[in-house]
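# Commentary on secondary and tertiary structure
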Amino acid sequence: MGGFRGFILFLVLYLLQGSKASFIELNDNGYEGIIIAIDPGVPEDDKIIDQLMDMVTAASTYLFEATEKRFFFKNVSILIPENWKGNPRYKRPKLESYLHADVRVALPTLPGRDEPYTKQFTACAEKGEYIHFTPDFVLGKKQNEYGPSDRLFVHEWAHLRWGVFDEYNDDQPYYSAKSKKIEATRCSTGISGMNRVYTCQGGSCIYRTCRTNSTTKLYEKDCQFFPNKVQTEKTSIMFMQSIDSVSRFCNDKNHNREAPSLQNIKCEYRSTWEVISSSEDFKSTTPREAPPPPTTFSLLKISPRIVCLVLDKSGSMSSDNRLNRMNQAGKFFLLNIVENGSWAGMVHFDSSASVASELIQIVGSNERDQLVASLPPVASGGTSICTGIRTAFQVIRKLQSELDGSEIVLLTDGEDKTVSSCVNEVKLSGAIVHVIALGPSADSAVDELRTLTGGKYYYASDDAQNNGLIDAFGDLTSGNADVSQKSLQLESKGLTLDSNNWMNGTVIIDSTVGKDTFFLITWKSQKPSIFLWDPSGREAGSFTVELSTKMAYLTIPGTAKVGIWTYSLQAKTSQETLTIAVTSRAANSSVPPITVSAKMNKDTNSFPSPMIVYAEVLQGYVPVVGAKVTAFIESTSGNTEVLELFDNGAGADSFKNDGVYSRYFTAFKENGRYSLKVQAQGGKNSATRSFRHPPNRARYIPGWVVDGKIEGNPPRPENAENTQTTVEDFSRMASGGAFVVSQVTPGSVADVFPPSQITDLDATPDGDEITLTWTAPGDDFDVGKVQQYIVRISGSILDLRDNFDNALQVNTTDLLPLEANSKQTFTFKPGNISEENATHIFIAIQSEDKSSLRSNISNIAQVALFIPEADPSPDGNNPNPDGNHPNPDGNNPSSGVNISVLVLSVVGSVVVVSIIVSTTVCILKKKRSNRPRTGF
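In this text, all values refer to a predicted model and were calculated from it rather than measured experimentally.

## Looking at the overall build of the chain
- Regarding its fold elements, the chain presents 16 helices and 51 strands.
- Per-residue burial for the chain yields a buried fraction of 58% across its 936 residues.
- The long-range fraction of contacts in the chain, counting pairs at least 24 apart against all pairs at least 6 apart in sequence, stands at 75%.
- Surface accessibility of the chain: about 36,700 Å² in total, with carbon and sulfur atoms responsible for 48%.

Shown next as structure tokens:
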């Protein structure tokens, strides 16, 4: 028994390690299992399907050539919404769902925002989440602005599959190059074009030479790079694949490491081809001699949801109030979570299995009540999980001959050595298995069933106050339903009362929700007194009370009032455990509700590798920033760690203000399962909707240079790029499922976690000194405080990256580290650098903790040692805002001698510091106070 369980646990961990939301596999150089899903909110148009097939077919050939005859698209499934008309060529999906889609065809984030983008919030070389295309883009209506869809699909595929980034940067479109000229951020520099300000008004458009900014010495904000229509340069697809000649990714020979592109910033100045060629895809393939076969397509139309609950009623379910808690959560699911129009049934199992309810289509409360009455009343017997699953398959086959796309919700608390007997059967069935493991003894082997079918995985401890079962069932909404039809969790809270017998709190109902608002109260011993008041102070209606199941619930009729609802629960006995859960649906199908989703970066982990918690807060596809987001991570024993998540672009967070809140998790106290729950709160004093474009959006083509003249496109609709609108008060809860941790040594106090990498190093001018700012890392990644910082400079970016320990070190004696996630500031005076002919100073930081563990090297700041030369204007003069020559002293800016201005160029800013340069680089000394500073 022990050997078998050990083998199964190893197998489960192995499978979990590689599990992911996507079903894509690489087989004989061809990508299989790609899912393109059309959002239910997209108006029906068969042309979208045809255009998608044409796009992928052409993209397959382009990808094959771009990757040196290595990769192509072998087969693709297109998911068609349930509300579109039927067609004989459409089949029913199997495991495919909108949740697993690699490409989403959905409405724009905002009107006029048709830019394609890839949702990508992890590190370089890690896979992205999904590609977002709008219907107008797919239909070819935006080709002038973004280029051919097939080429752009390959550009976005590189983001999604290989984790590379764009080779442009709209926040830093220009930089000071070694050529001592102002260059457009691009790869490669062989792509030629003009830098111009192009404006259109009243049907007429004009362009003029770009002026230089007096502070940055780079081009003004509205300056754009217009590429020549006819080029010979073949790189790079991650800059502008729409150029006819471009057919390759930049490699280590032609990669532009000077440019402040996202690829350089995120991937340590490696070229896109270097990242791609280090991927597992590349390592597992060799180039093909024969051309790739045409892509094959499966057209799959979503059907009404079919879900069968498979509930454990074995003898062990009688302990720790498990059976009753399961029934409370099951009733919560059947009354409130499963969507109208769905088919639902129920199977009970112990050592055998029985059909508690055949599949019933839910159209109202009668069907829901009928299913609730089928919940198991008593627990006894052994555990035969496969018997329960096989019985559920029989129930589903009575409705449809195939199991394709149907869902099994399996809840179990016990061990079963026969689980392996149905693994292959489940894998081939076409059904999706979700697993809820209850208690510490729930068999680890059942998760293999979930892993093989793409289902969800939850863990609930025996600690009822954590509300784990309610959270798990509350998260089991349809993966294919429109968000307006889904139940959203507003509150989930529990408390074990001792001396104080009151549990008080509030629930915020914002204007985006309010339909089918449902309050659920549970208790362990005796029914409490329940009080609920709406925002106007009126007491809400009476709860339905069920003493036998120890629960009470209330559905608010119509649309619940917007505002703060207040509840008070008074326990009638000591050591009482009370819980409350509140859910609601969108108030208006045309107004997307605020949503939160949560996940860990992997399903299993071996200590001491850290994990990352991610939570995304959106309204539709618009990020909500400034919210307070908290993660609750519960272990097998019921211990809960609380983590505040940040959207600050530091530590585990890749992009600031993108609506994705992140944090490292290192507080592993024990082996086994952990569950994740996230709460997001915001309001008029904090959270806002961010209208910034996505970080990894497709490059908008401003126009082309044809025969020396610009043929411009209409200016891109910015939709108030820097504008943010206030979000009303709101609260959301979300389950992030379960994950497994192994190799933890109980009681170990060894320091094994270094500080996190600094990723937002920035600089500002400060007289004759340079002030660096960054977000402080912690002693353990982003928790605690580091012991010291190591700041080094070099005249070579690659030397600083590859030989950091040998670079010139700055004296940081006066630099006092602050707590993690604080804003850290340090001022210093650059001294001499050893490199001859250096055109830049490069600066980087490394952190060290009290155990002498060091972080990875930070992002690199750049200091240009010259005045960059602007393009000559048509009359031969260099333009600048004052109309004067940019170098009034008459010095030759390319000589490297007597330079009067130092241009500091870093991620997100470009600043100027006055210096005097002769044959060495130095800065005049200036006395300062109230700030740490240092020399050498």
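## Focus on the side chain of Ser 484
- Along the polypeptide, Ser 484 turns up in the loop between helix 15 (468–474) and strand 21 (488–497).
- Here Asp 482 takes part through its side chain, which lies 2.7 Å from a polar atom of the side chain of Ser 484.
- At 3.3 Å, the side chain of Ser 484 and the side chain of Gln 485 are in polar contact.
- Beyond its immediate sequence surroundings of up to four residues, Ser 484 is in contact with Arg 585, Ala 586 and Ser 589.

## Overview of the pairing of strand 43 (residues 769–775)
- Counting buried positions over the 7 residues of strand 43 gives 7, a clear majority of the element.
- Burial along strand 43 is two-sided: Glu 769, Thr 771, Thr 773 and Thr 775 facing one way and Ile 770, Leu 772 and Trp 774 facing the other are all buried.
- Summarising the sheet, strand 43 and strand 46 (residues 823–828) pair through 6 bridges and their orientation is antiparallel. Looking at strand 46, one finds that Thr 773 is bridged to Thr 825.

## A closer look at the packing of helix 2 (residues 46–66) against helix 5 (residues 149–162)
- Packing of helix 2 against helix 5 leaves a shortest axis separation of 8 Å and a crossing angle of 70 degrees. Regarding the angle of helix 2 to helix 5, the classification is roughly perpendicular. Note on packing geometry: the crossing formed by helix 2 with helix 5 is right-handed. The segment helix 2 lies against helix 5, with Met 55, Val 56, Ala 58, Ala 59, Tyr 62 and Leu 63 engaging Ser 149, Asp 150, Arg 151, Phe 153, Val 154, Trp 157 and Trp 162.

## Section: the sheet that holds strand 24 (residues 529–533)
- Spatially, 3 strands are ordered 22-27-24 in an open sheet, and the strand pairing comes out antiparallel. Lying at the two open borders of the sheet, with one neighbouring strand each, are strand 22 (502–509) and strand 24. Ignoring which end each strand starts from, the neighbouring axes of this sheet average 15 degrees apart.
- Pairing geometry for strand 22 and strand 27 (residues 563–570), over 8 bridges, is antiparallel. Following the sheet pairing, Asn 504 is matched in strand 27 by Ser 568.

## Some thoughts on the packing of aromatic side chains
- Per the stated rule, a full pass over the model turns up 36 aromatic pairs.
- On the numbers, 4.9 Å between centres and 80 degrees between planes, the contact of Phe 73 with Trp 157 is edge-to-face. Of this pair, Phe 73 sits in strand 4 (residues 72–73) while Trp 157 sits in helix 5; the two residues are 84 residues apart in sequence, bridging distant segments of the chain.
- Aromatic pair Phe 519 and Trp 565: ring centres 5.8 Å apart, planes at 40 degrees, arrangement tilted.

## Some details on the pattern of salt bridges
- Counted according to the given criterion, the structure contains 37 salt bridges.
- Of the charged contacts in the structure, one is a salt bridge between Asp 28 and Arg 288, with a shortest N-O distance of 3.9 Å. Placement of the pair is Asp 28 in the loop between strand 1 (25–27) and strand 2 (30–32) and Arg 288 in the loop between helix 9 (280–283) and strand 14 (296–301), with a sequence separation of 260 residues.
- Since its relative accessible area comes to 19%, Arg 288 is described here as buried.
- Across the salt bridge formed by Arg 322 and Asp 320, the nearest N and O atoms sit 3.7 Å from each other.
- Overall, Arg 322 belongs to the buried group, its relative accessible area being 7%.
- A cluster of three or more residues bridged by salt bridges with shared partners is formed by Asp 320, Arg 322, Arg 325, Asp 413 and Asp 462.

## Remarks on the sheet that holds strand 1
- Pairing is mixed in the open sheet, where 3 strands are placed in the order 1-2-4. Two strands in the sheet have a free side with no partner beyond their single neighbour: strand 1 and strand 4.
- In the sheet, strand 1 pairs with strand 2 via 3 bridges, with the strands oriented antiparallel. Residue pairing across strands places Asn 27 opposite Gly 30, the latter belonging to strand 2.

## Quick notes on the nonpolar core
- Judged by nonpolar contacts, the single largest core of 72 residues is most densely connected at Phe 153, Trp 157, Trp 162 and Phe 249.
- A total of 10 residues in this core trace back to one element, the largest contributor, which is helix 2.
- Setting aside residues up to four positions removed in sequence, Phe 153 forms contacts with Met 55, Val 56, Ala 59, Phe 73, Val 103, Ile 131 and Phe 133.

## Quick notes on the state of the cysteines
- Under the defined criterion, the tally for this structure stands at 5 disulfides.
- What pairs with Cys 124 in a disulfide is Cys 267, and their sulfur atoms sit 2.0 Å apart. Measuring handedness by torsion sign, the sulfur bridge of Cys 124 and Cys 267 sits at about 105 degrees and is right-handed. On the criterion of sequence distance, the pair formed by Cys 124 in the loop between strand 7 (117–119) and strand 8 (130–133) and Cys 267 in the loop between helix 7 (262–266) and helix 8 (272–277) is long-range, its members being 143 residues apart. The same class applies to Cys 124 as to Cys 267, namely buried.
- Paired by a disulfide, Cys 210 and Cys 223 hold their sulfur atoms 2.0 Å apart. Between Cys 210 and Cys 223 the disulfide shows an S-S torsion of about 85 degrees. By sign, it is right-handed. Remark: Cys 223 occurs in the loop between strand 12 (204–209) and strand 13 (224–227) and Cys 210 occurs in the loop between strand 12 and strand 13; sequence separation between them is 13 residues.
- When the cysteines of the chain that form disulfides are numbered from the N-terminus onward, they connect as 1-8, 2-7, 3-4, 5-6, 9-10.

## Brief notes about the environment of Ile 385
- Tracing the backbone through its elements, the reader meets Ile 385 in helix 12 (residues 385–397).
- Spatially, the C-alpha atom of Ile 385 lies 9.3 Å from that of Leu 411, the residues being 26 residues apart in sequence.
- In this structure, Ile 385 is in contact with Phe 349, Leu 410, Thr 412, Asp 416, Val 419 and Val 446, ignoring residues within four places of it in sequence.

## Regarding the side chain of Lys 119
- By secondary structure assignment, the location of Lys 119 is in strand 7.
- By relative accessible area, which is 12% here, Lys 119 ends up buried.
- A distance of 2.8 Å separates polar atoms of two side chains, one belonging to Lys 119 and the other to Glu 616.

## Here we look at the environment of Phe 828
- With respect to the helices, strands and loops of the structure, Phe 828 is situated in strand 46.
- Here Phe 828 falls in the buried class, since its relative accessible area comes to 0%.

## What about the environment of Gly 388?
- Mapped onto the elements of the fold, Gly 388 is located in helix 12.
- Taking relative accessible area as the criterion, Gly 388 reaches 0% and is therefore assigned buried.
- Counting along the chain gives 37 residues from Gly 388 to Ser 351, while the straight-line C-alpha distance between them is 9.0 Å.
- Discounting residues that sit within four places of it in the chain, Gly 388 has contacts with Val 310, Val 347, Phe 349 and Ala 353.

## Here's the deal with the confidence of the model for the chain
- Across the chain, pLDDT averages 88, with 90% of residues at or above 70.
- In the predicted structure, residues 880–936 sits below a pLDDT of 50 and forms 157 contacts with residues beyond four places in sequence or in another chain.

## Things to note about the pairing of strand 21
- Of all 10 residues that make up strand 21, 7 are buried, and the element is covered over most of its length.
- Sheet topology places strand 21 next to strand 28 (residues 576–586); 9 bridges connect them, and they run antiparallel. Bridging across to strand 28, Gln 489 finds its partner in Thr 583.

## Considerations on the packing of helix 10 (residues 322–337) against helix 11 (residues 365–372)
- At a minimum axis distance of 9 Å, the contact between helix 10 and helix 11 shows a crossing angle of 170 degrees. It follows that helix 10 is roughly antiparallel to helix 11 by the angle criterion. Each of Lys 331, Leu 334, Leu 335 and Asn 336 in helix 10 lies in contact with helix 11, whose residues at this interface are Arg 368, Asp 369, Leu 371 and Val 372.
- Tallied by class, residues from the contact of helix 10 with helix 11 come to 4 nonpolar, 1 polar and 3 charged.

Definitions and limits used
- Residues numbered from 1 in each chain as written.
- Predicted model: local features only at pLDDT ≥ 70, side-chain atom pairs only at ≥ 80, totals over all residues.
- Heavy atoms only, no water.
- Helix = DSSP H or I, 4+ residues; strand = E, 2+ residues; numbered from the N terminus.
- Buried < 20%, exposed > 50% of the residue type's maximum accessible area, 1.4 Å probe, protein only.
- Contact = heavy atoms within 4.5 Å.
- Areas by Shrake-Rupley, 256 points an atom, 1.4 Å probe, with all protein chains shown as cover.
- Polar contact = N/O pair within 3.5 Å; in protein donor to acceptor, adjacent residues only side chain to side chain.
- Pairing = 2+ DSSP bridges.
- Axes fitted to C-alpha atoms, helices over the stretch in contact; angles between N-to-C directions.
- Parallel < 35°, antiparallel > 145°, perpendicular 65-115°, else oblique.
- Left-handed = near helix turned anticlockwise from the far one by under 90°.
- Phe/Tyr/Trp six-rings, centres within 6.5 Å; stacked < 30°, edge-to-face > 60°.
- Salt bridge = Lys/Arg side-chain N within 4 Å of Asp/Glu carboxyl O.
- Core = buried A, V, L, I, M, F, W, Y, C linked by side-chain atoms within 4.5 Å.
- Disulfide = S-S within 2.5 Å.
- pLDDT = per-residue confidence, 0-100.
- Nonpolar A, V, L, I, M, F, W, Y, C, P; charged D, E, K, R; others polar.

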